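For reference, the chains in residue letters:
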Amino acid sequence: MAASASDDLLGDFLADPANSALDLTTAVDRCSKALGLQHSVVYLTDVQQHVLIPLTGHGPDLDIDGSLAGWAYRTQSLRVEEADMGGLTARLPLVDGAERLGVVAVLTTTLDAVLLRRARVLASLLAMMITSKRSYKDSFVSRTRTEPMKLPTELLRAFLPPRTIGTAHVVSTAVLEPAYEIAGDGFDHALTPTTLHASILDSMGHDLASGLATSVTLAACRNARRTGADLPQLVESVDAALTRWLPEQFCTGILAQLDLASGVLRWSNCGHPAPLLIRNRALVPHAMEKEADPPMGSPFAFASEPRTVHRIALERGDRVLMYTDGATESRMRNGTEFGLERFVDYVVRAAAAGELAPETLRRLIHSLLDSESTGLRDDATILMFEWKGPQS
């Protein structure tokens, strides 16, 4: 099909308001045809990022660590191979901003520069379609779950942001396990034109009440942040909310703000393990170890001093790692603790290998799970952000 004819068909498809209500399978088929592509299949990652599950079409789940589609997902790169029935199959990552959603497999007779461009256009369109619909399409959500989710987890996940966000200046990514039973852990990250806001949280207990405490903490942070509150006021808002609504609960955590232009990081540590700084592919010892304030909530109501805000200047390429204690207290099969040293070594080696930040955390959380013989001893959440510096 000529380029102009294909462009006209795609334009007609996008301009027709009726097409915005199409089911995804029909939309994928019509978009593919409009772009002159034979056939396309969408795969979404499951909650734990183990497999790619076909959302359109038929076929088996694909192992992320052992398939060509998984390679495209892990590296966020194009992979092309000869198709079984003739022609070529191009596998392209589905990425919304910085968030990895899955992969689209595109079947075509040939793949020149024009068709490759159309395949990339299709992948971009599908990523936007999926992101716009998955908040209210239960079929998308249930399809990517491999087991039932506990009620406290369902509550908490409703408040969580995408796993990964980013710009040309910064990328922030997080994982948490056990994915279907987590209750007290949580994370948040958000971007403004000037600032990355990032936080990691761990509420007391492992039940619905702890999930409520983390949810209230997330809501209080966002409410204050969206009215222009600075970091100390964010923490005060959480203290006030927990003390008023859940006085028996408290929450440890780190709330941080990164200036995207200067790389100055400010953070408040509320009874939580200290963040870790990785620079030039090595841990900077004690760089962010500061005396922690009391946990957020009613414990701080009796404190006489205001919250402490710490500062550090990041360098280009620095990675900051925040975690809950379940990530380091997991047990190896021989009974030994996974430990902070092994935890840090994994991230350092991944950075040295040039691994993307989201892939580093995916593999790290899987290594924690694979090292277990009886499951995690506690919720394990990891958040890492990398400052790339201002654009030159």
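Residues numbered from 1 in each chain as written. Predicted model: local features only at pLDDT ≥ 70, side-chain atom pairs only at ≥ 80, totals over all residues. Heavy atoms only, no water.

Re unusual backbone geometry
Next, step 1: In this structure, Pro178 follows Glu177 across a cis peptide bond, with omega equal to 0°.
Next, step 2: Mapped onto the secondary structure, Pro178 falls in the loop between strand 8 (170-177) and strand 9 (185-191).
Next, step 3: We note that His286 has phi near 60°; this positive angle belongs to a residue other than glycine.
Next, step 4: Structurally, His286 can be placed in the loop between strand 14 (282-283) and strand 15 (296-297). (Helix = DSSP H or I, 4+ residues; strand = E, 2+ residues; numbered from the N terminus.)

Looking at the environment of Gln49
Next, step 1: As for its placement among the helices and strands, Gln49 is situated in the loop between strand 1 (39-45) and strand 2 (51-54).
Next, step 2: A sequence separation of 15 residues divides Gln49 from Ile64, and the C-alpha atoms of the two residues are 7.3 Å apart.
Next, step 3: Residue contacts for Gln49: discarding those within four places in its chain leaves Ile64, Tyr73, Arg100, Arg163, Val175, Arg362 and His366. (Contact = heavy atoms within 4.5 Å.)

Examining the packing of helix 9 (residues 339-352) against helix 10 (residues 357-370)
Next, step 1: Look at helix 9 against helix 10: their axes get within 10 Å of each other, and the N-to-C directions meet at 145°. You can see that helix 9 and helix 10 cross each other, and the crossing is right-handed. Of the residues in helix 10, those touching helix 9 at Phe343, Tyr346, Val347 and Ala350 are Thr360, Arg363, Leu364 and Ser367.
Next, step 2: Classifying every residue of the contact of helix 9 with helix 10 by side-chain character gives five nonpolar, two polar and one charged. (Axes fitted to C-alpha atoms, helices over the stretch in contact; angles between N-to-C directions. Left-handed = near helix turned anticlockwise from the far one by under 90°. Nonpolar A, V, L, I, M, F, W, Y, C, P; charged D, E, K, R; others polar.)

A closer look at helix 2 (residues 24-34)
Next, step 1: If you check which residues of helix 2 are buried, you get Leu24, Ala27, Val28, Cys31, Ser32 and Ala34. Down the axis of helix 2, the buried side of the element spans an arc of 160°, and every buried residue falls inside it.
Next, step 2: Measuring from the side-chain oxygen of the N-cap residue of helix 2 to the backbone nitrogen of Thr25 gives 3.2 Å; that N-cap residue is Asp23.
Next, step 3: After helix 2 finishes, the residue Gly36 shows a positive phi value of roughly 75°. (Buried < 20%, exposed > 50% of the residue type's maximum accessible area, 1.4 Å probe, protein only. Arc of directions from axis to C-beta. Polar contact = N/O pair within 3.5 Å; in protein donor to acceptor, adjacent residues only side chain to side chain.)

Brief notes about the packing of helix 2 against helix 4 (residues 113-133)
Next, step 1: Contact geometry for helix 2 and helix 4: axes closest at 11 Å, N-to-C directions at 160°. By the angle between their directions, the pair helix 2 and helix 4 is classed as roughly antiparallel. When you trace helix 2 past helix 4, the crossing you get is right-handed. Taken together, the residues of helix 4 that come into contact with helix 2 (itself represented by Leu24, Ala27, Val28, Cys31 and Ser32) are Leu122, Leu125, Leu126, Met129 and Ile130.
Next, step 2: For the contact of helix 2 with helix 4, a count of residues per class yields nine nonpolar, one polar and no charged. (Parallel < 35°, antiparallel > 145°, perpendicular 65-115°, else oblique.)

Here's the deal with the side chain of His366
Next, step 1: With respect to the element layout, His366 can be found in helix 10.
Next, step 2: A polar side-chain atom of His366 sits 2.7 Å from the main-chain carbonyl oxygen of Gln48.
Next, step 3: The residues touching His366, leaving out its near neighbours within four places in the chain, are Gln48, Gln49, His50 and Asp65.

Considering a nonpolar patch on the surface
Next, step 1: A grouping of Leu151, Leu208 and Leu212 is seen on the molecular surface, where their side chains present a nonpolar patch of about 260 Å² in accessible area.
Next, step 2: Overall, Leu208 belongs to the partly exposed group, its relative accessible area being 37%. (Patch = residues over 30% accessible without salt bridge, like charges linked within 9 Å, V, L, I, M, F, W, Y side chains within 5 Å. Areas by Shrake-Rupley, 256 points an atom, 1.4 Å probe, with all protein chains shown as cover. Salt bridge = Lys/Arg side-chain N within 4 Å of Asp/Glu carboxyl O.)

So, the pattern of salt bridges
Next, step 1: Here the structure, examined in full by the defined rule, presents 15 salt bridges.
Next, step 2: For Arg307, the salt bridge is made with Asp239, and the minimal N-O distance between the two is 2.9 Å. With Arg307 in the loop between strand 15 and strand 16 (310-313) and Asp239 in helix 8 (residues 231-245), this residue pair connects regions lying 68 residues apart in the sequence. Here Arg307 matches Asp239 in class, with each residue buried.
Next, step 3: Across the salt bridge formed by Arg279 and Asp318, the nearest N and O atoms sit 2.7 Å from each other. Of this pair, Arg279 sits in strand 13 (residues 276-279) while Asp318 is found in the loop between strand 16 and strand 17 (319-323), placing the two residues 39 residues apart along the sequence.
Next, step 4: A residue is classified by how much of its surface remains accessible, and Arg279, at 17% relative accessible area, is buried.
Next, step 5: By sharing partners, the salt bridges in this structure join Asp65, Arg100, Glu359 and Arg362 into a single network.

Some points on the packing of aromatic side chains
Next, step 1: Across all of its chains, the model carries one aromatic pair by this definition.
Next, step 2: A ring pair is formed by Tyr323 and Phe343, whose centres lie 5.2 Å apart and whose planes are at 55°; its orientation type is tilted. In this pair, Tyr323 sits in strand 17 while Phe343 sits in helix 9, placing the two residues 20 residues apart along the sequence. Each member of the pair, Tyr323 as well as Phe343, carries the same accessibility label: buried.
Next, step 3: Between Arg79 and the ring centre of Trp71, over which it is positioned, the NZ or CZ distance is 5.1 Å. (Phe/Tyr/Trp six-rings, centres within 6.5 Å; stacked < 30°, edge-to-face > 60°. Lys NZ or Arg CZ within 6 Å of the ring centre and 35° of its normal.)

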